[in-house]
Each structure stands twice: as structure tokens, then as C-alpha cells.
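This is what each chain is made of:
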Amino acid sequence: MGSRLIPVKMRQIIAKKLGSNFRDVTEIVETAVPSPGPNEILVKNRFLGINASDINYTSGRYDPTRKPPFPVGFEAIGEVVTAGPEAKTKVGQNVVYSKFGCFKDYEVVDDKSVMPIPTSDPAYLTFMVSGLTASIALEKNGDLLPGKTVLVTAAAGGTGQFAVQIAKQAGCHVIGTCSSDDKAQFLKSIGCDRTVNYKKENLTDVLSKEYPKGVDVVYESVGNEMLDAAVKNLAIFGRIIVIGSISNYEGAKSEDFSTMEHSSKLLAKSGSLIGFFLPHGRKESSRHLQLLTSQYLQGKLKVFTDKGVGVPTGPFIGLDKVVDAVEYMYSRGNVGKVVVELNEKSAL
């Protein structure tokens, strides 16, 4: 068993009530630093990963039985500062992990659930949720083959950047949607053959004119008009993989797209609408993490993080900036995975 000097108290973000307005429903509170059990480790967090689903968690959509107050957050990178006597991970090791409620200075984690990493490079943080979602979903449901046409919505985001590159590596023609010309340039740099800035071009019009045979695979995370465009322009035997619906997470009223209309269009194309939720793919996680890590270290996979540098509310340094980081991601301004860095002052 090993340990380093650890404070008695720490700060963490909790949901004080249920709701989709992250700023309104969360607060930072002081609590005791936990102690690890025999098979556990205590991690001093260095980077926190921001996900669209952070709002789903505070809204109670993932676990309706959980009542506030409860800690929030999904993923972090940090250094092991205490290890239980039966833990194999050593003090001083950098690790990345995913666990509900990890937006805090320190977290106790099961030793078997962390992935040791060579450095605290925040790029590794992108693998745990964003990378795994794209890698597993496309392997299980994408049936990616050379020559197929793949559409990735919110392609410049945390998981979209992985989907673009995975599809390109499979020899597919990749279309990516985004919200700015800068993002379009970014998407071209990671392999997009066609970018669609939806603020300047109508996705349905682009697809119907330029891809008359339709799109074979859609990696969809936006919902509403993006999902509607995908259904309307799906190829015969095409498939739409829905991994989220970010346009609806903040409580905005959904546009009225008829379920019957979608069903009729899917039937006419022998198309499939498939949902994918990462917790259901945990059995494959270890293998996919190894694959993503290997490709990253070999330079075959480019990974981008966004710490809010140059943003009015950035840079995102310190636990207090998590709220700003969540709002920034929902403004769709980010390029790559939104990350918050914890500084020494965040710990008590």
C-alpha cells in the first residue's frame, strides 16, 4: 500500500435538483476525501471530460430512481495517490477512467476499471466515452465497407471526430456536418470528403442533389432536422445509428417529425434505425480501448481536445469552469472533445 499527502476535504459538483439547465441545477460543495478499499485506488483528478449526456444525468433520464443531491460527471484523468493493499495499480501511475459522479478533486475507483496511461495527456480522455461510442457502435452496427457513403452529424465534436476517422479508415466516402467554416476545414483535415456547414447549406438539399443513391450509414447525434434529413436520404438497406439527440437534451421543444412518416420512409428503403447506448457495449470496451490507444500512439488516429482557449468564458481551468464548459459545448462552438483542467487550487 502506498500513499501521498492528501487533504482532508475536497470539492465536488453535485446535482441539487433534477433539470436540464446544468448551471441552475448544480453546485459545488465541500466534502471529505474518500479512502479506497482493498481493491480500490484514490485518484487525484487532473482533467475532466465534458459530455452531452451530462445534462441527461442531471435530468434523471439515465437513472430515474436516483434522487438529488448526487455527484455528476462521467470521466476523468488523474494520478493515483493512494492504493489499497490488493490493488495492482501503483501510486504515481496516471490513469483514465469512467465513473458516474467524478466531477470532483479526488475519486475512489475500482482498480480493475481504470486504464493506465503513460502521461496525463488529455487526449486519452476522449477515448472513454466519445471514442468507445464511435468505435463500438460502428463495428456492431455500421457494417462499414470500402466505397460506402457515411454521414456523420456533429462531426467536429468529441465523438464525431472518431466516427469520421473510423469510417475513412474503412475506405468509406465521409460526409460531415458542422456549424462553421473553421470546423469544415478541421473536418477536411481529418478525412471528410464533403463537409456541410448547416448554417450555410441545407443538408437535405445537399444529400438529395449530390448523393441521389442515398447514404449507406449515418452516425447521428443531433436529432430533429438532422435525423429527418438522414431518413429522407437513406440508401436502400441503409442504416442510421442514433447515439444521441443533443438538440433535445436542454429541454427545447422537439420539432414535429411524424413517426409514421419516418416508418414509411424506412420501410420503402428497407432501412434500419438503430440506437446505441455505450453501457450496453462494455464487454467490448477493453479491446476497443486498446485499439484506439494503439492507433493514437502510432499516429493513425488524430485526437483533438478543446479547453476553451480564446473563448470568452475560457480557458476551462478549475472546477468552477465545468458549468461554462458544458454551456460552451451546447453552443456547438467546440472543435473536438471539451475538457476541463483542474489546477492545484481546486483542491482544499
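No experiment lies behind these values; they were computed from the predicted model shown. (Residues numbered from 1 in each chain as written. Predicted model: local features only at pLDDT ≥ 70, side-chain atom pairs only at ≥ 80, totals over all residues. Heavy atoms only, no water.)

**Side note on the pattern of salt bridges**
This is how it is decided: Salt bridge, as used here, is a side-chain nitrogen of Lys or Arg placed within 4 Å of a carboxyl oxygen of Asp or Glu. Elements are defined by DSSP. Helices are runs of H or I of four residues or more, strands are runs of E of two residues or more, and each kind is numbered from the N terminus. Buried means the residue's accessible area, taken with a 1.4 Å probe over protein chains only, is under 20% of the maximum for its type, while exposed means over 50%, and partly exposed covers the values in between.
For the coordinates displayed, the defined rule picks out 17 salt bridges. Between arginine 23 and aspartate 324 there is a salt bridge, and its shortest N-O distance comes to 2.7 Å. Note that arginine 23 is positioned in helix H1 (residues 22-25) and aspartate 324 in helix H11 (residues 322-330), a separation of 301 residues in sequence. Here arginine 23 falls in the partly exposed class, since its relative accessible area comes to 42%. The exposure class assigned to aspartate 324 is buried, which follows from its relative accessible area of 14%. For lysine 148, the salt bridge is made with aspartate 143, and the minimal N-O distance between the two is 3.3 Å. Judged by relative accessible area, lysine 148 falls into the buried class, the value being 19%. Among the charged side chains, a salt-bridge network with shared partners connects Arg23, Lys321, Asp324 and Glu327.

**Focus: the side chain of asparagine 197**
The cut-off we apply is this: Only heavy atoms enter the contact rule, under which two residues are in contact if any of them lie within 4.5 Å.
Counting through the fold element by element, asparagine 197 comes out in strand S12 (residues 194-197). Overall, the relative accessible area of 7% leaves asparagine 197 in the buried class. When sequence neighbours within four positions are dropped, the list of residues in contact with asparagine 197 reads Cys178, Ser179, Ser180 and Asp181.

**Re the sheet that holds strand S3 (residues 26-32)**
Filter applied, for reference: Pairing between two strands is assigned when DSSP locates at least 2 bridges connecting them.
What the three strands build is an open sheet, ordered S3-S2-S5; its pairing is antiparallel. Each edge of the open sheet is held by one strand with a lone partner, namely S3 and strand S5 (70-71).

**Considering the packing of aromatic side chains**
To be explicit about the condition: Two rings from Phe, Tyr or Trp (for Trp, the six-membered ring) form a pair when their centres sit within 6.5 Å of each other. Planes less than 30 degrees apart are called stacked, planes more than 60 degrees apart edge-to-face, and all others tilted.
Tallying each qualifying case throughout the model produces 12 aromatic pairs. Taken together, a centroid distance of 5.1 Å and an interplanar angle of 50° make the contact between tyrosine 62 and phenylalanine 277 tilted. Of this pair, tyrosine 62 sits in the loop between helix H2 (53-58) and S5 while phenylalanine 277 sits in the loop between strand S15 (272-275) and helix H10 (285-297); the two residues are 215 residues apart in sequence, bridging distant segments of the chain. Here phenylalanine 186 and phenylalanine 304 contribute two aromatic rings whose centre-to-centre distance is 4.8 Å and whose plane-to-plane angle is 90°, an arrangement assigned as edge-to-face. Taken as a pair, phenylalanine 186 in helix H5 (residues 181-189) and phenylalanine 304 in the loop between H10 and strand S16 (305-306) lie far apart in primary sequence, 118 residues in all. Judged by its relative accessible area of 9%, phenylalanine 186 falls in the buried class. Take phenylalanine 304: its relative accessible area is 28%, and that puts it in the partly exposed class. Through successive ring pairs, a cluster of aromatic residues spans Tyr57, Tyr62, Phe70, Phe74, Phe100 and Phe277.

**Here we look at the environment of glycine 271**
Here glycine 271 is to be found in the loop between helix H9 (259-269) and S15. C-alpha separation for the pair glycine 271 and aspartate 216, spaced 55 residues apart in sequence, amounts to 9.2 Å. The residues contacting glycine 271, other than those within four sequence positions of it, are Leu234, Gly238 and Leu266.

**Remarks on unusual backbone geometry**
If a residue is not glycine, its phi is most likely negative; likewise, a peptide bond is most likely trans. A cis amide bond, omega 5°, links proline 68 with the succeeding residue proline 69. Geometrically, the link from glycine 314 to proline 315 is a cis peptide bond, its omega value of -5° lying close to zero. Among the structural elements, proline 315 can be located in the loop between S16 and H11. Positioned with a positive phi, phenylalanine 237 is a non-glycine residue whose angle comes to about 60°. Take phenylalanine 237: its relative accessible area is 63%, and that puts it in the exposed class. For arginine 332, which is not glycine, the phi dihedral falls at a positive 65°. Here arginine 332 is to be found in the loop between H11 and strand S17 (337-341). On the accessibility criterion, arginine 332 (25% relative accessible area) is partly exposed.

Shape descriptors only; they carry no functional weight alone.
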